[in-house]
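Chain by chain, the residues run as shown.
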Amino acid sequence: MQQNSDIARAAQRLLEGKLVAFPTETVYGLGADARNPQAVERIYAFKGRPSNHPVIVHLAFDADLSYWAKEIPHQVQALVKTFWPGPLTLILKRADAIPDQVSGGQDTIGLRCPSHPVARTLLQAFSTLKGGHGGVAAPSANKFGQVSPTRAAHVRDEFPMFGDDDLMILEGGAADVGIESTILDVSRMDAAGPVLLRPGHITANDIGKVMGVRPLVQADATAPRVSGSLKAHYAPHTPLALLPRRQIEALLFNQAADVAYTVFQDHPLRMVKGRFAVLGIGPEPVSQSGLSASWLPAARQPHGYARDLYANLRELDQGEFDFLIVEDPPATEAWQAIRDRLNRAAAAFGQR
Ligand code: TXA
Ligand code: MG
């Protein structure tokens, strides 16, 4: 874990307008002073991200929400009390004094208070340097559209051209949640009620229990199926397809070309021939024929699966495979956030 003196140095760098990558319990973030528009611009340039995409502002645990947001609905108090610090981002109306770069020009702001101890110490130190109102704007610390980093080494891999001088990376071990925070829009309570923009570890059901009303689930602008155009995200470099287990078994147990064709008939990967690996749920099925595949057994439980998902995708991406097959997770709420990320990754390669 990171030394406090390094964290203090990182807070100082943020104050100087520099970028700092830091661990959170979800994924590593690429942080900048949220009130410094040039520093926030630097995030976009670093990531190669379109500048109309809003970033999440990370706050210290005792932060004053009304400094960042206005017209805060009364239900927010219960949400904050229950889920912060933790993997929930709240979309609220942005306070007038907050620069609109962090919101990609929108009148809302995404706020989150992470629970990772390194993030908490950093945010506290930075807030103190900024007179009690320090916020760190941070998207996931990866190139735009790529797999999010859940280890410090992943961040280094994403930005190999930058040394410690250009990008300080705080070490915080493997992220525990492993997928990005749940995003809940509470900025349109009158019109729409609470709206879930991105599923995560905290589920619609968890939120419903606190708010007394289940949020409406609405895909955000980066979801795969918006108005005909497939917006891809979270994708490895190697083509990836999601398949149900029985189709994976058919492929493994009869590695004949005609079976491969049948499996992929309506699938954009149907023309791909070559070496593939499987990200399975649990161990590889035993084949009568003794054939076996490169099978990476992911956890059978959604929390363990999510924690390792991005590290697993990165590992498979580094193997010499022509394509990756990911076993379809169960269609239950506990797996919803994982399915969301996998669907987007598959959408990058044309899978609907
Ligand atoms: O777990 C996480 O949320 C991680 C860690 C670093 O905190 N951050 C993260 O950031 O995933 P990023 O930039 O990769 O995703 C931010 C998402 C985007 O889909 C963006 O559209 C949405 O949050 N978002 C941020 N501010 C918003 C706003 N004002 N209105 C609507 N969506 C917003
Ligand atoms: Mg991201």
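Before reading further, recall that the structure is shown in the block above.
Here's what I pulled together on the structure shown here.

The rules behind these values
- Residues numbered from 1 in each chain as written.
- Chains lettered and ligands numbered in written order.
- Predicted model: local features only at pLDDT ≥ 70, side-chain atom pairs only at ≥ 80, totals over all residues.
- Heavy atoms only, no water.
- Helix = DSSP H or I, 4+ residues; strand = E, 2+ residues; numbered from the N terminus.
- Buried < 20%, exposed > 50% of the residue type's maximum accessible area, 1.4 Å probe, protein only.
- Polar contact = N/O pair within 3.5 Å; in protein donor to acceptor, adjacent residues only side chain to side chain.
- Contact = heavy atoms within 4.5 Å.
- Salt bridge = Lys/Arg side-chain N within 4 Å of Asp/Glu carboxyl O.
- Axes fitted to C-alpha atoms, helices over the stretch in contact; angles between N-to-C directions.
- Parallel < 35°, antiparallel > 145°, perpendicular 65-115°, else oblique.
- Left-handed = near helix turned anticlockwise from the far one by under 90°.
- Nonpolar A, V, L, I, M, F, W, Y, C, P; charged D, E, K, R; others polar.
- Pairing = 2+ DSSP bridges.
- Near = heavy atom within 4 Å.
- Areas by Shrake-Rupley, 256 points an atom, 1.4 Å probe, with all protein chains shown as cover.
- Phe/Tyr/Trp six-rings, centres within 6.5 Å; stacked < 30°, edge-to-face > 60°.

The next subject is the side chain of Thr26. With respect to the element layout, Thr26 can be found in the loop between strand S1 (20-22) and strand S2 (29-33). Judged by its relative accessible area of 3%, Thr26 falls in the buried class. At 2.8 Å, the side chain of Thr26 forms a polar contact with the side chain of Thr24. Reaching out from Thr26, the side chain makes a polar contact with the side chain of Arg112 at a distance of 3.0 Å. Once residues within four sequence positions are removed from consideration, Thr26 is found in contact with Pro87, Arg112, Thr150, Ala175, Val177, Gly178, Ile179, Glu180 and Ser181.

Enumeration over the complete set of coordinates arrives at 15 salt bridges. Close ionic contact of Arg314 with Glu158 constitutes a salt bridge, the shortest N to O distance being 3.0 Å. On the criterion of sequence distance, the pair formed by Arg314 in helix H11 (residues 302-318) and Glu158 in helix H6 (residues 152-158) is long-range, its members being 156 residues apart. Its relative accessible area of 11% is what places Arg314 among the buried residues. Beyond isolated ion pairs, a larger network of salt bridges with shared partners links Glu180, Asp340, Arg341 and Arg344.

Further remarks concern the packing of helix H4 (residues 76-83) against helix H8 (residues 204-211). Relative to each other, H4 and H8 sit at 125 degrees, their axes nearing to 9 Å. When the axes of H4 and H8 are compared, the pair comes out oblique. Where H4 crosses over H8, the two elements pack in a sense that is right-handed. Only Asp206, Ile207, Val210 and Met211 of H8 make contact with H4, whose side of the interface consists of Ala78, Leu79, Thr82 and Phe83. When its residues are assigned to classes, the contact of H4 with H8 shows six nonpolar, one polar and one charged.

So, on to the sheet that holds strand S17 (residues 323-327). Within the open sheet, the four strands sit side by side as S14-S17-S15-S16. Their pairing is parallel. Here the strands that pair on one side only, and so sit at the sheet edges, are strand S14 (240-243) and strand S16 (294-298). Neighbouring strand axes in the sheet, compared pairwise and without regard to direction, differ in orientation by 20 degrees on average. When S14 meets S17, the two strands line up parallel, connected through four bridges. Paired with Leu240 across the two strands is Leu324, which belongs to S17. Strands S14, strand S15 (276-281), S16 and S17 of the sheet are contacted by helix H9 (residues 245-253), whose axis makes an angle of about 135 degrees with S17. Strand contacts of H11: S14, S15, S16 and S17, with the helix running at about 175 degrees to S15, the strand carrying the most contacts.

With that settled, consider the site of ligand 1. Thr26, Arg49, His58, Ser181 and Arg198 are the nearest of the 22 residues found near ligand 1. Arg49 places a side-chain nitrogen or oxygen 2.6 Å from an oxygen atom of ligand 1. One of the side-chain N or O atoms of His58 is found 2.6 Å from an oxygen atom in ligand 1. About the coverage of ligand 1: the protein hides 92% of its 680 Å² of free accessible area. Those elements giving two or more residues to the shell around ligand 1 turn out to be strand S3 (56-59) and strand S6 (108-112). Top element by residues in the shell around ligand 1 is S6. It accounts for four residues.

All chains considered together, the criterion is met by seven aromatic pairs. Centre to centre, the rings of Phe46 and Phe162 are 4.1 Å apart; their planes meet at 20 degrees, and the pair counts as stacked. Linking Phe46 in helix H2 (residues 37-47) with Phe162 in the loop between H6 and strand S8 (168-169), this pair joins segments that are 116 residues apart in sequence. For Phe162, a relative accessible area of 23% puts it in the partly exposed group. Summarising the aromatic geometry, the rings of Tyr234 and Tyr310 are spaced 6.3 Å apart at their centres and angled 15 degrees between planes, so their arrangement reads as stacked.

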